[in-house]
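The primary structure of each chain is shown beneath.
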Amino acid sequence: MARTTPLSDIRNIGIIAHVDAGKTTTTERILYYTGRKHTIIDIHDTKDLKTSTTTDYLEQEQKRGITIQSAAVSAFWRDKKINLIDTPGHVDFTIEVNRSLRVLDGAVVVFDGVAGVEPQSETNWRLADNYDVPRICYVNKMDRSGANFLRCVDMIKKRLGARPLPVQIPIGSEDNFKGMVDLVEMKALVWDSDDKDAEWQSLEVTPDLADKLHIAVPSDRKLLADVNKFRTELVDTCLEQDDEAMEAFLTHGTVPSGDVLRACLRKGTLNSAFTPVLCGSSYKNKGVQQVLDAVVDYLPAPTDVASIKTVDADGHPIGERKTSDDEPFSALAFKVINDIYGALTFIRVYSGVLTKGASVMNSTRGKREKIGRMVEMFAKEANPVEEARAGDIIALVSLADTETGDTLCDAANEVVLERMRFPEPVISVSVKAKVKSEQEKFGSALGKMVRADPSLHLETDRETGQTILRGMGELHLEVTLDRMRTEFGVEGIMGEPQVAYRETITKKITEQYIHKKQTGGSGQFAEVWIVFEPLARSTGFEFVDETVGGSVPREFVPSVEKGLKVQKEDGVLAHYPTVDFKATLIDGSFHDVDSNAMTFEIAAKAAFREGIRKAAPILLEPVMKVETVTPGDYLGDVIGDINRRRGSVQDQLERGTNIAVVAIVPLSEMFGYIGQLRGMTSGRASYTMEFSHYEPVPRNVADEVIAEVAKAKAALTA
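Along each chain, residues carry numbers from 1 onward, in the same order as the chain's sequence is written. Owing to the predicted nature of the model, reporting of local features is limited to residues with pLDDT of at least 70; listing and counting of side-chain atom pairs is limited to 80 or more, with chain, interface and lining totals taken over all residues. Hydrogens are left out, water is left out, and the side-chain values use all remaining heavy atoms of the structure.

Asker: Before we go on, may I ask you to explain the pattern of salt bridges in this structure?
Answerer: Pairing is possible between side chains that carry opposite charge, provided their charged atoms lie close to one another. When a carboxyl oxygen of Asp or Glu is within 4 Å of a side-chain nitrogen of Lys or Arg, the pair counts as a salt bridge. For the structure on display, the rule yields 50 salt bridges. Here Asp325 makes a salt bridge to Arg3, at a shortest N to O gap of 2.8 Å. Separated by 322 residues along the polypeptide, Asp325 in the loop between strand E13 (317-321) and strand E14 (330-339) and Arg3 in the segment before strand E1 (10-17) bring together distant segments of the chain. With its nearest N and O atoms 2.4 Å apart, the salt bridge here joins Glu122 to Arg159. Here the residue Glu122 occupies a position in helix H4 (residues 119-130), and Arg159 occupies one in helix H5 (residues 149-160), the gap between them amounting to 37 residues. Each of Arg3, Asp325, Glu387 and Arg389 takes part in one network of salt bridges that share partners. Under the DSSP-based scheme used, a helix requires at least four consecutive residues in state H or I and a strand at least two consecutive residues in state E, with every element numbered from the N terminus.

Here it is as structure tokens:
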């Protein structure tokens, strides 16, 4: 079957933003204006669960009015196929943005015209930087009270370190938001109503435009009076991308045409020289078609971005795979979800062609997969397809062994594609089935949820036998259990949230340990000398073998490393994992008969237990970056409360008429914060929180934590 859409006519894009900036509302309009939907559903119409927006179809999303999992849809605009992923804006679900950006070629970053750059805007922007994703900015909600386009552009420059380039400026604001000036064509695009089918008028940009359109607010009039300044900035910046047009402009005064400017804007966007900024109001149906035009004009096709890197077993780049149907097949599995159709594995095809019935290699795990049903997803609808080609994003039904981040490829031309990086969980709870007889069903459902979400970790407490679920935040864990109820029909009970403390050492020591046991017949013997020393924060664990002369036989060295890796998960202070240290095996001895892999593993574990106690161990706690947005009247109360929580205020920023207090606060002090915050601010403040780093716990607090853990363990063994 021949390719139906040329590669150059495909746009794989994501819509990313802070929670409540209008991503899903914008996606609904995109689907309406591209003809994929015939009605528009707004977020506030879905709370009764009788209807849903196209991409927020989970019950949990409708109840909360937020996006929880990314959803893929596709549409055509100006004969270009747009594969679009609507992503969550809540910090607990950053994993969804992470894995979406990994496989997308471009992004539309939506900003709230009132709040500007918010915490999750920054997090998502950094993720897009990590993956070198070209993007355009869309300043939404220009109809809301307090909306300020120029302040938002300034925040993009200062807080994100970007180079924003307005390609539109708004006409009016708040209730009197009429449309925008297109600085490329120098036309005023004006809407007469907020109706979804309203047409816009294209007017000449004249000095009396503000009077004609009854724009009365002084700041709005000044913006229109400065239109030529913005146009000059646009032309000058664009011409940096085209030497020929620049020369014609400087030498002969030739003003570049709209097509030349669009070509320059595309080039500058693709090489991240600048980021085009548009404006509008998705809810009032103004500016969405212009965003679609910008996606087609400025964002890359799969052939416009760098080829995907191939890596070795350690993740080091060793080559690349070009985006082409003629190359051998390769694809990256970026998401697994549990659906009515079974397990759906979403893949981005980077090269070659995949056909139904083919047998491919999961090169990450060294296992073959048989391709059964292939579907193109439109949110929750699955449309069967017979083949997928380079640049396509599709889902495969019921793969046996493929998980998020795995590479699927042609068995005759094996490659491993660059993997994704996932954040470590910071919060844990004990979970169990509500009904004892459903424990097995509960365990199976929990396993499927963890397989689908790499930011969830599942483990069993060795002493208590409890099942421990770890995730990115209270909402993340709560939603996981709620989804098990709706998707698998099994209810769970969640224990109190627990902080994921860590332990580390602060002193370098050398430990010798001899493991010796004689019980008749062959005995057990192993001797190890290990140097333990602290490493920089967030370095993890490092093992080095510096033995010489065969004092520890080569075949037993991996057993020493294994013993340390197992034992470091059970710290000496409060049984938390030990991190950020280096263990160097410098010497040892063995017995020809009594030494084996097991004896050296036992010796390494004992050396760890003995040695770490002497290396001045300390407790580490996760510290969160918290941003609390409050009216100025309550600022003193909010800051005082943060200080009481062992927090440290880093900054205070303007957020429309409110003030955002940026602080770092230990996670252990943040449980139940929202209730107290609402109480002290009459429900008018809100906050967001994301993991920042690990920090030593103050001695008095550490003593309390260690005592509590010891008391809990004693109670369980009593």
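Moving on, there is more to tell.
Asker: When you look at the sheet that holds strand E33 (residues 581-589) in this model, what are you seeing that I'm missing?
Answerer: Strands in a sheet are paired, the pairing made by backbone hydrogen bonds, and the direction either parallel or antiparallel. In this analysis, strands are considered paired if DSSP registers two or more bridges between them. The strand order E30-E31-E33-E32 describes an open sheet built from four strands, whose pairing is mixed. Edge positions in the sheet fall to strand E30 (509-517) and strand E32 (541-545), since each of these pairs with one other strand and no more. When the angles between neighbouring strand axes are averaged without regard to direction, this sheet yields 25 degrees. In the sheet, E30 pairs with strand E31 (residues 524-534) via nine bridges, with the strands oriented antiparallel. Bridge assignment links Thr510 to a residue of E31, and that residue is Val531. Two residues form a contact once any of their heavy atoms are found within 4.5 Å. Helix axes use the C-alpha atoms of the stretch in contact, all axes being lines fitted to C-alpha atoms, and the angles between their N-to-C directions lie in the range 0 to 180 degrees. Across the sheet, helix H14 (residues 557-567) lies against E31, E32 and E33, angled at about 160 degrees from E32, the strand it touches most. Set on the sheet, helix H15 (residues 597-614) makes contact with E30, E31 and E33; between it and E31 the angle comes to about 40 degrees.

Asker: In this structure, what is going on with the sheet that holds strand E7 (residues 168-171)? I would like to understand it.
Answerer: As summarised here, the arrangement of the four strands in space is E7-E8-E9-E10, forming an open sheet in which the pairing is antiparallel. Only two strands of the sheet have a single partner each, and these edge strands are E7 and strand E10 (200-204). Mean inter-strand twist for the sheet, computed between neighbouring axes without regard to direction, equals 25 degrees.

Asker: What am I meant to see in the side chain of Thr87 here?
Answerer: In this structure, Thr87 sits in the loop between strand E3 (80-86) and helix H3 (94-103). Only protein chains enter the area calculation, which uses a 1.4 Å probe; residues under 20% of their type maximum are buried, those over 50% are exposed, and those in between are partly exposed. Relative accessible area serves as the criterion here: at 1%, Thr87 is assigned to the buried category.

Asker: Is there a simple way to explain the packing of aromatic side chains in this structure?
Answerer: Pairs of aromatic rings are described using the distance from one ring centre to the other and the angle between the two planes. Between the rings of Phe, Tyr and Trp (Trp by its six-membered ring), a pair exists once the centres lie within 6.5 Å; its type follows the angle of the planes, with under 30 degrees stacked, over 60 edge-to-face, and the other angles tilted. Scanning the model with the defined rule gives eleven aromatic pairs in all. Plain terms: the ring middles of Phe541 and Phe581 are 5.0 Å apart, the flat faces sit at 45 degrees to each other, and that makes the pair tilted. Placement of the pair is Phe541 in strand E32 and Phe581 in strand E33, with a sequence separation of 40 residues. Accessibility classification places Phe541 together with Phe581 in one group, the buried group. Through a chain of ring-to-ring contacts, three or more aromatic side chains come together here, namely Phe532, Phe541, Phe581 and Phe608.

Asker: Explanation requested: unusual backbone geometry in the structure shown.
Answerer: It is generally the case that most residues other than glycine have a negative phi and that most peptide bonds are trans. The backbone of Asp20 sits at a positive phi, close to 75 degrees, despite the residue not being glycine. Judged by its relative accessible area of 59%, Asp20 is exposed. The residue Asn285 is not glycine, and still its phi comes out positive at about 65 degrees.

Asker: What exactly am I supposed to notice about the packing of helix H12 (residues 439-452) against helix H13 (residues 474-488) here?
Answerer: How two helices sit against one another is set out by the angle between their axes and by the gap between those axes. Between H12 and H13, whose axes approach to 10 Å, the crossing angle comes to 115 degrees. With respect to H13, the element H12 is oriented roughly perpendicular. For the pair H12 and H13, the sense of crossing is right-handed. Note on element contacts: H13 touches H12 through Thr480, Leu481, Arg483, Met484, Glu487 and Phe488, opposite Lys441, Phe442, Ala445, Leu446, Lys448 and Met449. Note on residue categories: nonpolar means Ala, Val, Leu, Ile, Met, Phe, Trp, Tyr, Cys or Pro, charged means Asp, Glu, Lys or Arg, and polar means any other residue, Gly included. By residue class, the composition of the contact of H12 with H13 is seven nonpolar, one polar and four charged. For classification purposes, an angle smaller than 35 degrees is called roughly parallel, one larger than 145 roughly antiparallel, one from 65 to 115 roughly perpendicular, and anything else oblique. Crossing chirality is assigned from the near helix's rotation relative to the far helix, an anticlockwise turn below a right angle marking it left-handed and a clockwise turn marking it right-handed.

Asker: Can you help me understand the environment of Leu456 in this one?
Answerer: Mapped onto the elements, Leu456 comes out in the loop between H12 and strand E25 (457-460). Separated by 175 residues in the primary sequence, Leu456 and Ser281 have C-alpha atoms spaced 36 Å apart. Residues contacting Leu456, with those up to four places away along its chain left out, are Met449, Val450, Leu469, Arg470, Gly471, His476, Leu477 and Thr480.

Asker: What should I look at first to understand helix H7 (residues 218-225) in this one?
Answerer: Structurally, the α-helix is built with 3.6 residues per turn, so residues lying three or four positions apart point the same way. Restricting attention to buried positions, one finds in H7 the residues Asp220, Leu223 and Leu224. Mapping the buried residues of H7 onto a view down its axis gives an arc of 95 degrees, with all of them on the same face. Away from its buried face, by an angle of more than 90 degrees, H7 presents the exposed residues Pro218, Lys222 and Ala225. By definition, the arc is the one covered by directions from the helix axis to the C-beta atoms.

Asker: Is there a simple way to explain the state of the cysteines in this structure?
Answerer: Each disulfide consists of one covalent bond between the sulfur atoms belonging to two cysteines. Two cysteine sulfurs form what is called a disulfide whenever their separation falls within 2.5 Å. Counted under the stated rule, the structure contains zero disulfides. We note that Cys152 lacks a disulfide partner, and the nearest cysteine sulfur, in Cys137, lies 7.9 Å from it. Cys152 supplies the cysteine sulfur nearest to Cys279, a cysteine that is in no disulfide, at a spacing of 10 Å. Judged by its relative accessible area of 1%, Cys279 is buried.

Asker: Please clarify how the nonpolar core should be interpreted in this entry.
Answerer: In globular proteins that are soluble, nonpolar side chains generally tend to be buried together. Within the largest apolar cluster, 108 residues are counted, with the highest numbers of intra-cluster contacts made by Leu101, Val108, Phe111, Ile171 and Leu265. If you tally residues by element for this core, the top one is helix H11 (residues 288-298), at seven residues. The contacts of Phe111, once residues within four sequence positions are left out, are Ala21, Gly116, Val117, Ser121, Trp125, Cys137, Tyr138, Val139, Asn140, Cys152, Ile156 and Leu160. Phe442, Leu446, Leu477 and Val490 belong to the second largest nonpolar core, which has 42 residues in total. Take the buried Ala, Val, Leu, Ile, Met, Phe, Trp, Tyr and Cys residues and link them wherever side-chain atoms come within 4.5 Å; each set so joined is a nonpolar core.

Asker: What am I meant to see in the pairing of E13 here?
Answerer: With four bridges joining them, strand E12 (residues 308-311) and E13 adopt antiparallel strand pairing. Within the sheet, the bridge partner assigned to Val311 lies in E13 and is Pro317. Counted between consecutive antiparallel strands, the loop separating E12 from E13 contains five residues, among which Gly315 sits at a positive phi close to 85 degrees.

Asker: What am I meant to see in H15 here?
Answerer: For a helix, the expected span equals 1.5 Å multiplied by the residue count minus one. Over its 18 residues, H15 runs 26 Å from end to end, which matches the ideal 26 Å to within 8%, given 1.5 Å per residue. Buried within H15 are the following residues: Thr599, Phe600, Glu601, Ala603, Ala604, Ala606, Ala607, Phe608, Gly611 and Ile612. In this structure, the buried residues of H15 make contact with strand E29 (502-505), E30, E31, H14, E33 and strand E34 (617-631). Positioned one or two residues after H15, Ala616 has a phi angle of 50 degrees, which is positive.

Asker: It is not clear to me how the environment of Val479 should be interpreted in this structure. Could you clarify?
Answerer: Mapped onto the elements, Val479 comes out in helix H13. What makes Val479 buried here is its relative accessible area of 2%. As a C-alpha pair, Val479 and Glu240 span 239 residues in sequence and 48 Å in three-dimensional space.

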